Amino acid sequence: MEEFNAKGTGVAMITPFDKQGNVDFSSFSKLINHIIEGGVDYLVCLGTTSEYPTLTEREMMAIRDFTIETVDNRVPIVIGVGGNDTREVVNHVTKDDFNGFSAILSVSPYYNKPSQKGLLEHFRRVANSSPLPVIIYNVPGRTGSNISAETTLKLAEECDNIIAIKEASGNMAQCMEILRCKPKNFELLSGEDALTLPLMSMGAKGVISVTANAFPKQVSTMVNLALKDSCRKATAVHNQILPFTNAIFEEGNPCGIKAALEILGIVQNNVRLPLAKVSKTLYSRLQTIIKEIK
């Protein structure tokens with residue numbers, strides 16, 4: 001693979017499960033091919049949408065290997081490596097085999113609720129240990145703490161191999177400050193599908209998307225149009241898929257996107273507890289929305 005470029009459309013892939021709760025590799029192959037054929041720029045393996053906290057070490061290794069084999073160098077693959085114990089994250093970054101991967105996506109430590117000083121030192125250590133470029137992931141709605149614009153900009157200036165942030169705070173003022181002051185070799189990526197186009201209008205360079213599991217072509221088209229400053233055409237695509245994007249997050253992620261992927265005939269609608277399937281009402285509404293997009 002060539003040097004990794006975080007711009008464009010990345011896809012935060014789900015993990016398909018069968019009725020017995022096992023990883024469904026047959027459906028996983030179908031999903032990977034569906035996404036790549038939609039024209040995306042890269043895949044994200046074992047991110048938040050993969051339900052990785054419910055996966056065993058053996059399952060995660062099998063998913064890593066299967067993804068590399070199935071993708072077969074058609075697009076780059078980003079691998080999720082994060083946690084709430086800095087020593088353990090650094091241990092993985094130092095010792096794991098990253099052959100076949102192009103970058104690391106590392107989520108902000110969760111549950112501990114670290115200070116900005118703690119976040120700064122955590123990501124410094126991860127970056128200094130990583131053999132691959134690092135995308136930091138800010139998602140305070142899940143982690144309980146926010147990576148401030150000041151901390152993000154310090155990391156971008158100090159750590160050459162921190163190349164981007166996946167920003168899912170929903171704080172537009174914070175994102176604008178990062179975009180205003182960031183160095184040229186650092187990118188802001190949308191971590192909120194519904195805000196991708198607004199963020200790109202301010203200078204963001206793409207998205208790591210959940211929606212693109214189901215509609216990779218539409219998301220890729222919108223992002224590519226936005227990168228070319230074709231705002232009117234990009235807005236038309238954004239408006240087409242926005243009801244779907246809003247609906248899939250109503251009852252939690254990846255519950256909504258898995259229901260949608262079953263409707264599309266790609267995977268079975270199975271999640272692992274403590275997550276639960278979406279309601280019949282939402283499932284029915286997703287069927288209607290999907291028909292309108294297709």
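To be clear, the structure that these remarks concern was listed above.
Residues numbered from 1 in each chain as written. Predicted model: local features only at pLDDT ≥ 70, side-chain atom pairs only at ≥ 80, totals over all residues. Heavy atoms only, no water.

### Topic: the overall build of the protein
Summing up its helical and strand segments, the protein has 12 helices and 8 strands in all. Taking 19 Å as the expected radius of gyration for a compact globule of 294 residues, we find that the protein reaches 18 Å, a close match to that expectation. Dimensions of the protein along its principal axes, counting C-alpha atoms only, are 50 × 45 × 35 Å. Counting the 294 residues in the protein, one finds 54% classified as buried. Look at the contacts in the protein between residues 6 or more apart in sequence, and 71% of them connect residues 24 or more apart. Carbon together with sulfur atoms contributes 48% to the accessible area of the protein, which is approximately 13,200 Å² in total. Side-chain charges in the protein split into 30 positive and 31 negative, and the spacing between the mean points of these groups amounts to 4 Å. (Helix = DSSP H or I, 4+ residues; strand = E, 2+ residues; numbered from the N terminus. Rg over C-alpha atoms; globule rule 2.2 N^0.38 Å. Buried < 20%, exposed > 50% of the residue type's maximum accessible area, 1.4 Å probe, protein only. Contact = heavy atoms within 4.5 Å. Areas by Shrake-Rupley, 256 points an atom, 1.4 Å probe, with all protein chains shown as cover. Lys, Arg positive; Asp, Glu negative; His and termini not counted. Charge placed at Lys NZ, Arg CZ, Asp CG, Glu CD.)

### Regarding the packing of helix 4 (residues 116–129) against helix 6 (residues 149–158)
Running from N to C, helix 4 and helix 6 point in directions that differ by 25°, and their axes come no closer than 10 Å. With respect to each other, helix 4 and helix 6 are oriented roughly parallel. The interaxial crossing formed by helix 4 with helix 6 has right-handed handedness. Here helix 4 contributes Gln116, Leu120, Phe123 and Arg124 to the contact with helix 6, which in turn contributes Thr151, Lys154, Leu155 and Glu158. A class-by-class count of the residues in the contact of helix 4 with helix 6 yields 3 nonpolar, 2 polar and 3 charged. (Axes fitted to C-alpha atoms, helices over the stretch in contact; angles between N-to-C directions. Parallel < 35°, antiparallel > 145°, perpendicular 65-115°, else oblique. Left-handed = near helix turned anticlockwise from the far one by under 90°. Nonpolar A, V, L, I, M, F, W, Y, C, P; charged D, E, K, R; others polar.)

### Some thoughts on the packing of aromatic side chains
Each aromatic ring pair is described using two quantities: the centre-to-centre distance and the angle formed by the ring planes. The tally for this structure, following the rule as stated, stands at 4 aromatic pairs. Plain terms: the ring middles of Phe25 and Phe66 are 5.0 Å apart, the flat faces sit at 55° to each other, and that makes the pair tilted. One end of the pair, Phe25, is in helix 1 (residues 25–37); the other, Phe66, is in helix 2 (residues 57–71), and 41 residues separate them in sequence. When its relative accessible area of 27% is taken as the criterion, Phe25 is described as partly exposed. (Phe/Tyr/Trp six-rings, centres within 6.5 Å; stacked < 30°, edge-to-face > 60°.)

### A look at the environment of Tyr111
By the element assignment, Tyr111 lies in the loop between strand 4 (103–107) and helix 4. Through-space distance from the C-alpha of Tyr111 to that of Leu275 is 18 Å; in sequence the pair is 164 residues apart.

### Some details on the environment of Ile289
Structurally, the position occupied by Ile289 is in helix 12 (residues 280–293). The class of Ile289 is buried, set by a relative accessible area of 10%. Along the backbone, Ile289 and Pro243 are 46 residues apart, and their C-alpha atoms lie at a distance of 7.2 Å. What Ile289 contacts, discounting residues up to four positions off in sequence, is Pro243, Phe244 and Ala247.

### What about the pairing of strand 1 (residues 8–12)?
Taken across its 5 residues, strand 1 has 5 buried, putting it largely inside the fold. The pairing of strand 1 with strand 8 (residues 206–209) spans 4 bridges and is parallel. Across the sheet, Gly8 pairs through a bridge with Gly206, a residue of strand 8. Bridging between strand 1 and strand 2 (residues 42–45) involves 3 bridges; their strand directions are parallel. Each residue of the ladder has a partner; that of Val11, found in strand 2, is Leu43. Each parallel crossover has a hand, and for strand 1 linked through helix 1 to strand 2 it is right-handed. (Pairing = 2+ DSSP bridges. Right-handed = clockwise from strand over helix to strand, strands pointing away.)

### Focus on the side chain of Ser148
Relative to the assigned elements, Ser148 resides in the loop between helix 5 (140–143) and helix 6. You can call Ser148 buried: its relative accessible area is 18%. Separated by 3.0 Å, the side chains of Ser148 and Gln116 make a polar contact. If near-sequence neighbours (up to four positions away) are discounted, Ser148 is found in contact with Gln116 and Gln174. (Polar contact = N/O pair within 3.5 Å; in protein donor to acceptor, adjacent residues only side chain to side chain.)

### Structural notes on empty space enclosed by the protein
Summed over all chains, the structure comprises 1 cavity of 30 Å³ or more. In this structure, the largest cavity occupies an estimated 80 Å³ of space. Every residue lining the largest cavity is listed: Asp193, Ala194, Thr196, Val207, Ser209, Thr211, Val219, Met222, His238, Ile241, Leu242 and Thr245. Going through the elements one at a time, strand 8, helix 9 (216–227) and helix 10 (231–248) are the ones with two or more residues in the lining of the largest cavity. A per-element tally of the lining of the largest cavity places helix 10 first, with 4 residues. Its residues placed into classes, the lining of the largest cavity shows 6 nonpolar, 5 polar and 1 charged. (1 Å grid on protein atoms, 1.4 Å probe; cavity = no way out; pocket = protein on both sides within 12 Å on 5 of 7 lines; lining within 4 Å. Points joined across faces, edges and corners; volume = space filled by probe spheres on them.)

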